[in-house]
Amino acid sequence: MSGPLLCEGRVVIVTGAGRGLGRAHALAYAAEGARVVVNDLGVGLDGTPGPDSPAARVVAEIRAAGGQAVAHGGDIATTDGAASLVRTALETYGRLDTLVNNAGFLRDRMLVNLDEDDWDAVLRVHLKGHFLPLKHAAAHWRAEAKEGRTPRARVVNTSSGAGLLGSVGQGNYSAAKAGIIGLTLVAAAELGRYGVQVNAIAPAARTRMTERTFADTMAAPGADSFDAMAPENVSPLVVWLGASASTGVTGRVFETEGGRITVMEGWRPGPTADKGARWTPSEAGDTALKLLAEAEVPGAVYGAG
Ligand SMILES: NC(=O)c1ccc[n+]([C@@H]2O[C@H](COP(=O)([O-])OP(=O)(O)OC[C@H]3O[C@@H](n4cnc5c(N)ncnc54)[C@H](O)[C@@H]3O)[C@@H](O)[C@H]2O)c1
């Protein structure tokens, strides 16, 4: 016998939910009883406008399975798009409980070939595309808390191993995804008093974003084996983080891929020296080398070497 649904009564926004990971999250939330606002602008892999409406297709899938969902086709990296996204949840379902920031695209280039436009577009869609929906959702939740209706609100942000360790050929994307970690930490600290928990994931899965570049590691196995790179494997943790069951978990980063979940442990002070006075540059250098010899070696940058 199955237990109660984890997200019964909750209203969940998932950005970029027309394909890939976002689609898997939207279907998984609906399967746990949530009503889902399925956002997707329907752009190409590099952010260029596309002809189709993947959000409407995912809404149809959720409804066919007996769930409730509504489509939103706005650009989450604009004030209008982010505000209307939150408004869609409130006007359609009368509440908002969870925001999953997931939409984005890539413009991979080595730094010397990276155009300003490619820098701006990727920073815009990931970093601003996280900030604006978060800001509009948080404004609603703060108003609720001030009216005495403190919510059990949840935000799940989407970073990447590229943001945590760096990734060759992805200077723009790595900077944006690292920025999302900083934003997550600040949001968790600022919004806790309004009943809002904010966490981030660094996923890995087979989607159009990865199926060509990492074709070997992402390939689907034979029918009888566990398909570790299926995007559906990332969604269970995202659903739990977005449910009221995750009470007490905030400001954390999880890597999630296949059947594995890892808590990522962030920057913390390592070996330290304090002279109690100003170093000369040579002394500072000697001290830095001595401390580095004692420190842990950082994880390798993806694609380096
Ligand atoms: N696939 C992976 O292994 C992997 C690894 C690390 C991080 N991520 C991150 O996971 C998230 C989802 O990626 P995916 O692999 O499912 O890619 P995807 O291309 O399959 O899906 C992204 C969706 O976002 C939509 N989108 C893009 N810009 C938008 C905008 N401005 N407004 C609304 N929708 C927009 C696209 O139309 C697309 O449907 C991204 O943030 C990505 O950086 C993915």
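Above this text you will find the structure in question.
Residues numbered from 1 in each chain as written. Predicted model: local features only at pLDDT ≥ 70, side-chain atom pairs only at ≥ 80, totals over all residues.

Some remarks on the packing of helix α4 (residues 116-146) against helix α6 (residues 171-191)
In step 1: Interaxial distance between α4 and α6 falls to 9 Å at its minimum, and their mutual angle equals 15°. As the angle between them shows, α4 and α6 are arranged roughly parallel. As for the relative orientation of α4 and α6, their crossing is right-handed in sense. Residues Asp 118, Trp 119, Val 122, Leu 123, His 126, Leu 127, His 130, Phe 131, Leu 134 and Ala 138 of α4 form the contact with α6, whose participating residues are Asn 172, Tyr 173, Ala 175, Ala 176, Lys 177, Gly 179, Ile 180, Leu 183, Ala 187 and Leu 191.
In step 2: Of the residues contributing to the contact of α4 with α6, the split by class is 14 nonpolar, 4 polar and 2 charged. (Axes fitted to C-alpha atoms, helices over the stretch in contact; angles between N-to-C directions. Helix = DSSP H or I, 4+ residues; strand = E, 2+ residues; numbered from the N terminus. Parallel < 35°, antiparallel > 145°, perpendicular 65-115°, else oblique. Left-handed = near helix turned anticlockwise from the far one by under 90°. Contact = placed C-beta atoms within 7 Å. Nonpolar A, V, L, I, M, F, W, Y, C, P; charged D, E, K, R; others polar.)

So, the environment of Thr 88
In step 1: Structurally, Thr 88 can be placed in helix α3 (residues 79-93).
In step 2: On the basis of neighbour counts, which here come to 19 C-beta atoms within 10 Å, the residue Thr 88 falls in the partly exposed class.
In step 3: Taking the C-alpha atoms as reference points, Thr 88 and Ala 30, separated by 58 residues in sequence, lie 17 Å from one another.
In step 4: Excluding residues that lie within four positions of it along the chain, Thr 88 makes contacts with Val 37, Val 70 and His 72. (Buried ≥ 20, exposed ≤ 12 C-beta atoms within 10 Å, placed from the backbone.)

What to know about the nonpolar core
In step 1: Of all hydrophobic cores here, the largest spans 73 residues; its most connected members are Val 12, Ile 13, Val 14, Ala 26, Tyr 29, Val 36 and Val 38.
In step 2: Residues contacting Tyr 29, with those up to four places away along its chain left out, are Cys 7, Val 12, Val 14, Ala 34, Val 36, Val 239 and Gly 242. (Core = buried A, V, L, I, M, F, W, Y, C linked by C-beta atoms within 7 Å.)

Overview of the site of the ligand
In step 1: Within the structure, the ligand sits among 33 residues, and Gly 16, Gly 20, Ala 103, Gly 104 and Thr 207 are positioned closest to it.
In step 2: Only α1 (20-31) and α4 provide two or more residues apiece to the shell around the ligand.
In step 3: The element best represented in the shell around the ligand is α1, accounting for 3 residues.
In step 4: Residues of the shell around the ligand, tallied by class, amount to 14 nonpolar, 15 polar and 4 charged. (Near = placed C-beta within 6 Å.)

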